[in-house]
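# Reading the structure
Each chain is listed here by its residues.
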Amino acid sequence: MVGLKPSEVPPTTAVKFLGAGTAACFADLLTFPLDTAKVRLQIQGENQAARSTQYRGVLGTILTMVRTEGPRSPYKGLVAGLQRQMSFASVRIGLYDSVKQFYAPKGSDHCSITTRILAGCTTGAMAVTCAQPTDVVKIRFQASVHTGPGSNRKYSGTMDAYRTIAREEGVRGLWKGTLPNITRNAIINCAEMVTYDIIKEKLLDCHLLTDNFPCHFISAFGAGFCATVVASPVDVVKTRYMNSPPGQYRSPFDCMLKMVTQEGPTAFYKGFTPSFLRLGAWNVVMFVTYEQLKRALMKVQMLRESPF
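Here we summarise the structure given alongside this text. (Residues numbered from 1 in each chain as written. Predicted model: local features only at pLDDT ≥ 70, side-chain atom pairs only at ≥ 80, totals over all residues. Heavy atoms only, no water.)

A separate point is the packing of aromatic side chains. Under the definition given, this model contains 8 aromatic pairs. Summarising the aromatic geometry, the rings of phenylalanine 213 and phenylalanine 217 are spaced 5.8 Å apart at their centres and angled 40 degrees between planes, so their arrangement reads as tilted. Of this pair, phenylalanine 213 and phenylalanine 217 both sit in helix α8 (residues 213–243), 4 residues apart, which is roughly one turn of the helix. By relative accessible area, phenylalanine 217 is classed as partly exposed at 36%. Relative to phenylalanine 276, the ring of phenylalanine 221 has its centre 5.8 Å away and its plane inclined at 75 degrees; by these criteria the two rings are edge-to-face. Remark: phenylalanine 276 occurs in helix α10 (residues 272–305) and phenylalanine 221 occurs in helix α8; sequence separation between them is 55 residues. What links up through ring pairs into an aromatic cluster is the set Phe221, Phe225 and Phe276. (Phe/Tyr/Trp six-rings, centres within 6.5 Å; stacked < 30°, edge-to-face > 60°. Helix = DSSP H or I, 4+ residues; strand = E, 2+ residues; numbered from the N terminus. Buried < 20%, exposed > 50% of the residue type's maximum accessible area, 1.4 Å probe, protein only.)

Below is the structure:
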């Protein structure tokens, strides 16, 4: 590594793991209101209690929440969201390259699309297994409606939400919706990571751009759009099922059937605009930050290892 710049030194797995979690938390801080608006639009029409407040569009949903529930309402569930990203993004993004190399044939310089898809599915499933309880709590907070000081709050805080769900629904309640979430995140992870990987690789191989901000921005934007298109139906089912009270749906498949019969197939794309705005913005912020963090962390590591 002597004489190499930080950008030329391959980042270690630990650097990728820490960088991915940190970058994802930063992206969540900036885009969390869009995620909350997406959840509210997805569950709209699901039950009678939620029908008292009608949401129209992304900005309309956020403004309605601020007007009826206060300025902090778009950030409901943020603590659980940050906990989720540190345990979730660190695995699905930080370990992607390592798993991709594991699946790749020995001696191969380039990974096939099949290898990349396998890596995306694997890290996506691993991440959900670790982070599912944080996702359940995050969605419960985002979906809860409090219209004033006198309104009933089910959870007093994030840790109380974990305890209450475990007490009322059993420990299994914290892993509610794991199957649709694994499906969703396998799809999203493949769409995000594989699309980002391929676009970035082609831009660099064709010498259209160098490995800098424009390259990262274009690759991340394309990844966000692809992920939203393919994952929206599974995302809506996952959100509804994880937010539902015990007994409302027998299974994720039952949730899907009831959505189709009661609301029609367009229900699967409820909240598509905030999903795209959120995923597009989230991917751009996360990947650009992630690339810069990798370089910064490698620079720190090189300075620590330098004898001078």
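If you roll a probe as big as a water molecule over the atoms, it shows you where there is empty space left. Considering all chains together, one arrives at 1 cavity of 30 Å³ or more under this definition. By volume, the largest cavity is sized at about 220 Å³. In terms of lining, the largest cavity is formed by 22 residues, of which the most central are Arg84, Arg184, Ile188, Arg278 and Leu279. Going through the elements one at a time, α1 (13–43), α3 (78–92), α7 (178–205), α8 and α10 are the ones with two or more residues in the lining of the largest cavity. A per-element tally of the lining of the largest cavity places α8 first, with 6 residues. For the lining of the largest cavity, the residue count by class is 6 nonpolar, 5 polar and 11 charged. (1 Å grid on protein atoms, 1.4 Å probe; cavity = no way out; pocket = protein on both sides within 12 Å on 5 of 7 lines; lining within 4 Å. Points joined across faces, edges and corners; volume = space filled by probe spheres on them. Nonpolar A, V, L, I, M, F, W, Y, C, P; charged D, E, K, R; others polar.)

With that settled, consider the packing of α3 against helix α5 (residues 113–143). Taken N-terminus to C-terminus, the directions of α3 and α5 make an angle of 180 degrees; their axes are 8 Å apart at the nearest point. As far as their axial angle goes, α5 and α3 are roughly antiparallel. Between α3, through Ala80, Gly81, Gln83, Arg84, Ser87, Phe88, Val91 and Arg92, and α5, the contact on the second element is made entirely by Thr123, Gly124, Met126, Ala127, Val128, Cys130, Ala131, Thr134, Asp135, Val137 and Lys138. The residue makeup of the contact of α3 with α5, split by class, is 9 nonpolar, 6 polar and 4 charged. (Axes fitted to C-alpha atoms, helices over the stretch in contact; angles between N-to-C directions. Parallel < 35°, antiparallel > 145°, perpendicular 65-115°, else oblique. Contact = heavy atoms within 4.5 Å.)

In the structure shown here, the tally under the stated rule is 23 salt bridges. The partner of aspartate 28 in a salt bridge is arginine 278, and the shortest N-O contact between them spans 2.5 Å. With aspartate 28 in helix α1 and arginine 278 in helix α10, this residue pair connects regions lying 250 residues apart in the sequence. Each member of the pair, aspartate 28 as well as arginine 278, is classed as buried. A salt bridge links glutamate 69 to arginine 40; the nearest nitrogen and oxygen atoms lie 2.8 Å apart. You can see glutamate 69 sitting in helix α2 (residues 58–69) and its partner arginine 40 sitting in helix α1, a full 29 residues away along the chain. (Salt bridge = Lys/Arg side-chain N within 4 Å of Asp/Glu carboxyl O.)

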